[in-house]
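Read off the chains here:
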Amino acid sequence: MAVYKRKYTPYTGSLTPERSRFFVLTRYAFADLFKSRFFVLLLILSLVPSLFFAGYIFIANNKAVQLLLPTGPADMFSVEAGFFTFIMIVQTQAAFLLNCWVGPILIAGDLTNGALPLFLSRPFSRADYVLGKLAVMGLLLSGVTWVPSLLLFTLQAGLAKGDWIWSHMWMVVPIVLCSVIWILMLSLISLAVSAWVKLRIVATGVIFISFFIPAGLGEMSNAIMGTVWGRLLNFSYLFQIILTRGFREPSRLLGTTGWNEIPVPAAWGVLIFVCLLSLVILNARLRARDTVRG
Amino acid sequence: MLGLDSHTNGKALRSLVGYMPENDAFISKMSGVRFVRYMAEISGLPSAQAMERAHEAFVYVGLGEARYRPVGTYSLGMKQLVKLAQAIAHGPKVLILDEPTNGMDPPARKRLIELIREIREASDISLLLSSHLLRDVEETCDEVLILRNGQIASISNLVEERRANRKFLELETIGAEATFTSALEGLGCECAVFTNGRIKVVMPDGVEIREVFKVAADKGVQIRRMNHRRDSLEDIFLNAMEQTGAADGRI
């Protein structure tokens, strides 16, 4: 079908492997995302806290710099599990904000003008489609959660004396594992909500309030019924329970102690349920057929 | 289809199919050529080839000048052409077109019909066109399958129908008597005589119209008007709709 011939000819060239074809979606999505200045600004802002944490680690490991501070050398500069728990909480909240903006862009654009049947009429399954979009979220949110956290861990390991790295190596597991859980949940919720409401701005709002409204309702029910189980609706809280337990930290960061804390298995159960529910919604909304009524 | 089982080889089969849906199907903020390239890449074309084919498809459907504009800014007719471009960019073996001329003005419709015929004739591509516009179907298809309530109401081979129509004459005559119709029947024709000299003639294979004129001249009959009856697709469609039973059951 050469242009100068202006004649239709079939394609006879080679094809790309089917397994990696979902990555086409990821590539195009990233290209589109980085055209947006707002997205780039949001991404940079998401990484700013990591710079402060890096500065903190540098000071914590440098007595000369500490001497220059008004307080002088002190034990306040402690880089232990609690510090990395705090890093993770900050970075996962940044990931949440990024997710609210990016998630709807990925799917709503395809659904608003009915492009989905075009994807699914090709050698491309719904699983490939979801995988392609999840890969975008996974790569992007990894870049603001476990990747900077591991870099900070590496920085601390490099600056700390002795065998700090070996005595703290176990922290790599909660850093990566908790980030993956959070990324997966955020991604599935945002894709499911976007597939459901289709309109980008509305989807952004719904994702945002899906974290705050249930949490508020849960706290109301706690206050009325004198229980703590209402916190099962607070996804951020549940994640932080898993996170603090993963870092072997007491729950002081959560503002709760002992008896009134939600059990970890219950927190896992709710997060897994939310992920499954999101998959059910995606399965229901991402259909190849297009029903025309009337 | 194409020797592949749709249940076990769904993906392989879909890689051979180009689909142009009836409804809007595009990504509004993408430029036309990028959209078609995107779709071609999802069909399995490597990036460079997808880009080349996308440009070619755009020029081919006549949207070369508008290829860098966002698809959302296109007119309805242009969107139809973009849908056709994305359906052919990866070089399918089967092209499924759902109401392709919807919303197009007459010149654009004519151009699209020409394109469809050209695609069909230029390669071994099979075309499946779904439309309520029977004129489009007549101009582009060889076979017609008419559906009623999800059941096959009629299957027609338009080529055969056209051939049959050529053998069906409507005559308006002056001076025609029984001897004229007897002479035609002697040639193997079937005749039905109506008032005011109107005669309907079904001619067998091998009998030419010239022989009808010859018989008329021999019998002193004036033929004032002669029509090939056009049993149009519309007639076939209406007949199919009037029939009570399904022709071949549910699809």
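Residues numbered from 1 in each chain as written. Chains lettered and ligands numbered in written order. Predicted model: local features only at pLDDT ≥ 70, side-chain atom pairs only at ≥ 80, totals over all residues.

Caption draft 1: Inspection of the overall build of chain A at higher detail. Each helix and strand in chain A was counted, giving 12 helices and 0 strands. Along chain A, from the amino end to the carboxyl end, the secondary structure elements read α-α-α-α-α-α-α-α-α-α-α-α. Projected onto the principal axes, the alpha-carbon positions of chain A cover approximately 80 × 55 × 30 Å. Across chain A, contacts joining residues at least 24 apart in sequence account for 76% of those joining residues at least 6 apart. (Helix = DSSP H or I, 4+ residues; strand = E, 2+ residues; numbered from the N terminus. Contact = placed C-beta atoms within 7 Å.)

Caption draft 2: Representation of the sheet that holds strand β9 (residues 222-228) of chain B in the model. All names here are of chain B. Pairing in this open sheet of 4 strands is antiparallel, and the strands run β7-β8-β6-β9 from one edge to the other. Strand pairing shows two members of the sheet lacking a second neighbour, β7 (190-193) and β9, which therefore form its edges. The average angle at which neighbouring strand axes cross in this sheet is 25 degrees, direction not considered. Alignment of strand β6 (residues 168-174) against strand β8 (residues 198-202), held across 5 bridges, turns out to be antiparallel. Counted as the bridge partner of phenylalanine 168 is valine 202 from β8. Packing against the sheet, helix α8 (residues 178-186) makes contact with β7 and β8, and its axis sits at approximately 160 degrees to β7. (Pairing = 2+ DSSP bridges. Axes fitted to C-alpha atoms, helices over the stretch in contact; angles between N-to-C directions.)

Caption draft 3: Fine view of the interface of chain B and chain A. Contact with chain B, which involves 37 residues of that partner, is made by 31 residues of chain A. At the level of elements, α1 (10-14), β1 (17-20), α2 (32-42), α3 (47-61), α4 (76-88) and α5 (106-122) of chain B are the ones that each hand at least two residues to the side of chain B that touches chain A. If one sorts the elements of the side of chain B that touches chain A by residue count, α3(B) sits on top with 7 residues. When the residues that make up the side of chain B that touches chain A are grouped by side-chain class, the tally is 18 nonpolar, 11 polar and 8 charged. (Nonpolar A, V, L, I, M, F, W, Y, C, P; charged D, E, K, R; others polar.)

Caption draft 4: How the structure looks around helix α2 (residues 37-60) of chain A. Residues and elements named next belong to chain A. Its 24 residues place the ends of α2 35 Å apart at the C-alpha level, agreeing with the 34 Å of an ideal helix rising 1.5 Å per residue. Here α2 has its buried residues at Ser46, Ser50, Phe53 and Ile57. Its buried side turned inward, α2 meets α4 (81-112) and α7 (146-159). (Expected span 1.5 Å × (residues − 1). Buried ≥ 20, exposed ≤ 12 C-beta atoms within 10 Å, placed from the backbone.)

Caption draft 5: Spotlight on the environment of A:Ser190. All names here are of chain A. Looking at where serine 190 falls in the secondary structure, it is placed in helix α9 (residues 172-197). In this structure serine 190 comes out as buried when scored by C-beta crowding, with 28 C-beta atoms within 10 Å. A C-alpha to C-alpha distance of 36 Å links serine 190 and serine 78, two positions 112 residues apart in sequence. Excluding residues that lie within four positions of it along the chain, serine 190 makes contacts with Asn99, Gly103, Pro104 and Ile207.

Caption draft 6: Spatial organisation of the packing of α2(A) against α4(A). Residue and element names in this part refer to chain A. α4 packs onto α2 with a crossing angle of 180 degrees between their chain directions and a minimal axis gap of 10 Å. Relative to α4, the element α2 lies roughly antiparallel. Contact with α2, carried on its side by Phe39, Leu42, Leu43, Ser46, Pro49, Ser50 and Phe53, involves Ile87, Val90, Gln91, Ala94, Leu97, Leu98, Trp101 and Val102 of α4 and no other residues of that element. (Parallel < 35°, antiparallel > 145°, perpendicular 65-115°, else oblique.)

Caption draft 7: Here's a closer look at the confidence of the model for chain B. All names here are of chain B. For chain B, per-residue confidence averages 86 on the pLDDT scale, and 93% of positions sit at 70 or higher. In the model of chain B, helix α7 (residues 158-165) stands out as the element of lowest mean pLDDT, 71, in contrast to α2, which has the highest, 95. In the predicted complex, the global pTM is 0.81; the interface-specific ipTM is 0.86. (pLDDT = per-residue confidence, 0-100.)

Caption draft 8: Spatial organisation of unusual backbone geometry. Located in the positive-phi region is A:Lys198, a residue other than glycine, with phi close to 70 degrees. Along the chain, the position of A:Lys198 falls in the loop between α9 and α10 (200-225). The backbone phi angle of B:Glu99 is positive, close to 45 degrees, even though this residue is not glycine. Secondary-structure assignment places B:Glu99 in the loop between β2 (94-98) and α5. Among the residues examined, B:Glu99 registers 17 C-beta atoms within 10 Å and is labelled partly exposed.

Caption draft 9: Summary view of α9(A). An ideal rise of 1.5 Å per residue puts 38 Å on 26 residues; α9(A) measures up with 37 Å between its terminal C-alpha atoms. Just downstream of α9(A), A:Lys198 is the residue with a positive phi angle, here 70 degrees.

Caption draft 10: Here's a closer look at the sheet that holds strand β3 (residues 126-130) of chain B. Residues and elements named next belong to chain B. With parallel pairing, the 3 strands of this open sheet are ordered in space as β1-β2-β3. Each having just a single partner strand, β1 and β3 make up the two edges of the open sheet. For this sheet, the mean angle separating the axes of adjacent strands, direction not counted, is 10 degrees. Note: β2 against β3, 5 bridges, orientation parallel. Paired with leucine 97 across the strands is leucine 129, a residue of β3. Across the sheet, α4 lies against β1 and β2, angled at about 170 degrees from β1, the strand it touches most.

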